[in-house]
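# Understanding the architecture of this molecule
Each chain, letter by letter, is given below.
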Amino acid sequence: MAIISRGFRGRPRDERHQLPPGQYETTDFPVLSAGPTPRIDKDRWEFTIRTETGTRHTWDWTRLTALGSERPTVDLHCVTKWSKFGTSWEGVPMDALLEDVETTADFALVESYGGYTTNLPLEDLLDGRAWIVYRYEGEDLPPEHGGPARLLVPHLYLWKSAKWVRGMQLLLEDEPGFWESVGYHDYGDPWREQRYQGD
Ligand SMILES: Nc1nc2c(c(=O)[nH]1)N[C@H]1C(S)=C(S)[C@@H](COP(=O)(O)O)O[C@H]1N2
Ligand SMILES: [Mo]
């Protein structure tokens, strides 16, 4: 049975928040971008899924937001070792976009405005584990954190959550993205501390 201290002050610690190995908790939200912040208008924004057969499925802002949004609250884990607990977002689950996409592909190479890429197994984008998010803590997602819209895949290290996301290629064979091709782990599970190739 839990012992509750009467003198407890401040925010109670939520037992569901756990720190993966080698991580520390921060309340900041550091900005980590490999290049300049692209500015994309919602009017010009598009998201395209290209399948292994070359079929394209494209959503503009109106079609994306009409898919129906969810409000996930999740913990973030960055490979540079900070973790941030209880971040709240609003966005469209990737399941909704992939629902009508016919594919036998096992992998996705995600692409951003500005040229960033990151790869992951297609199944990691399904079953309520990934979203295209466009609001953070009740506000439009700021450009430095990936606005107008970014991928959110909180069960993997945060480099998989591509900012300024613009689409993905579905592939029969895995292809490394930006960080994966310079030595970061292909999968990036924080709970198994998969930071670099060979971890
Ligand atoms: N397009 C793009 N997405 C990106 C990055 C980037 O450089 N470009 N950096 C990645 C890395 S390494 C991290 S840790 C997170 C950081 O997200 P934040 O800047 O919102 O904290 O974005 C990821 N997504
Ligand atoms: Mo990162």
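Whatever comes next refers back to the structure up there.
These remarks concern the structure in this document. (Residues numbered from 1 in each chain as written. Chains lettered and ligands numbered in written order. Predicted model: local features only at pLDDT ≥ 70, side-chain atom pairs only at ≥ 80, totals over all residues. Heavy atoms only, no water.)

Attention now goes to the site of ligand 1. Taken together, 19 residues sit near ligand 1, with P30, A34, H145, R150 and K163 positioned nearest. S112 has a polar side-chain atom sitting 3.3 Å from a nitrogen atom of ligand 1. Note that an oxygen atom of ligand 1 is positioned 2.6 Å from one of the side-chain N or O atoms of K163. Calculation on ligand 1 without its partners gives an accessible area of 530 Å², and the protein chains cover 97% of this total. When the residues that make up the shell around ligand 1 are grouped by side-chain class, the tally is 13 nonpolar, 4 polar and 2 charged. (Near = heavy atom within 4 Å. Polar contact = N/O pair within 3.5 Å; in protein donor to acceptor, adjacent residues only side chain to side chain. Areas by Shrake-Rupley, 256 points an atom, 1.4 Å probe, with all protein chains shown as cover. Nonpolar A, V, L, I, M, F, W, Y, C, P; charged D, E, K, R; others polar.)

Looking now at the packing of aromatic side chains. Enumeration according to the criterion identifies 14 aromatic pairs in this entry. Members of the aromatic cluster, connected to one another through ring pairs, are Y116, Y157, W159, F178, W179, Y184 and Y196. (Phe/Tyr/Trp six-rings, centres within 6.5 Å; stacked < 30°, edge-to-face > 60°.)

With that settled, consider unusual backbone geometry. A negative phi holds for most residues other than glycine; trans holds for most peptide bonds. Between G147 and the following residue, P148, the backbone shows a cis peptide bond with an omega angle of 15°. Relative to the elements of secondary structure, P148 occurs in the loop between strand 9 (139–140) and strand 10 (150–152). Of note, the phi angle at W164 is positive, near 50°, even though the residue is not glycine. Its location among the elements puts W164 in the loop between strand 10 and strand 11 (165–171). A relative accessible area of 7% means that W164 is categorised as buried. (Helix = DSSP H or I, 4+ residues; strand = E, 2+ residues; numbered from the N terminus. Buried < 20%, exposed > 50% of the residue type's maximum accessible area, 1.4 Å probe, protein only.)

Once that is clear, we can look at the pattern of salt bridges. Enumeration according to the criterion identifies 8 salt bridges in this entry. For the salt bridge of K42 with D140, the shortest nitrogen-to-oxygen distance reads 3.2 Å. Taken together, the residues K42 in the loop between strand 1 (24–25) and strand 2 (46–50) and D140 in strand 9 connect sequence positions 98 residues apart. We classify D140 as partly exposed; its relative accessible area is 45%. Put simply, E90 and R135 hold a salt bridge, and the shortest N to O gap is 3.8 Å. (Salt bridge = Lys/Arg side-chain N within 4 Å of Asp/Glu carboxyl O.)

Moving on, we get to the nonpolar core. Ranked by size, the top nonpolar core spans 36 residues in total, and within it F47, I49, M94 and L125 carry the most contacts. Elements represented by at least two residues in this core include exactly strand 2, helix 1 (61–65), helix 2 (94–98), strand 6 (107–112), strand 8 (131–136) and strand 11. Apart from residues no more than four positions distant in its own chain, M94 is found in contact with F47, I49, L125, A130, W131, I132, L151 and M168. Core analysis: the second largest hydrophobic core is formed by 12 residues, C78, W82, V133 and L152 among them. (Core = buried A, V, L, I, M, F, W, Y, C linked by side-chain atoms within 4.5 Å. Contact = heavy atoms within 4.5 Å.)

Attention now moves to the sheet that holds strand 6. Taken in spatial order, the 5 strands line up as 3-2-11-6-7 in an open sheet, and their pairing is mixed. Two strands lie at the open edges of the sheet, namely strand 3 (56–60) and strand 7 (117–121), each paired on one side alone. The mean angle between the axes of side-by-side strands here comes to 15°, regardless of whether they run parallel or antiparallel. Judged from the 6 bridges that link them, strand 6 and strand 11 form a sheet pairing that is antiparallel. From the neighbouring strand, L109 faces strand 11, where its bridge partner is Q169. (Pairing = 2+ DSSP bridges. Axes fitted to C-alpha atoms, helices over the stretch in contact; angles between N-to-C directions.)

Note on placement: T51 falls in the loop between strand 2 and strand 3. Each C-alpha atom of the pair T51 and E102 lies 7.8 Å from the other, and the pair is 51 residues apart in sequence. Residues in contact with T51, not counting those within four places in the same chain, are H57, V101, E102 and L170. A distance of 2.9 Å separates a polar atom in the side chain of T51 from a polar atom in the side chain of T53.

This part is about the pairing of strand 3. Bridging between strand 2 and strand 3 involves 5 bridges; their strand directions are antiparallel. Across the sheet, F47 pairs through a bridge with W59, a residue of strand 3. Linking strand 2 to strand 3, which pair antiparallel, is a turn of 5 residues; within it G54 sits at a positive phi near 95°.

What follows is about the side chain of T117. In this structure, T117 sits in strand 7. T117 sits in the buried class, given a relative accessible area of 19%. Ignoring sequence-local partners within four residues, the contact set of T117 consists of L109, V110, E111, G177, F178 and E180.

By themselves these figures say nothing about function.
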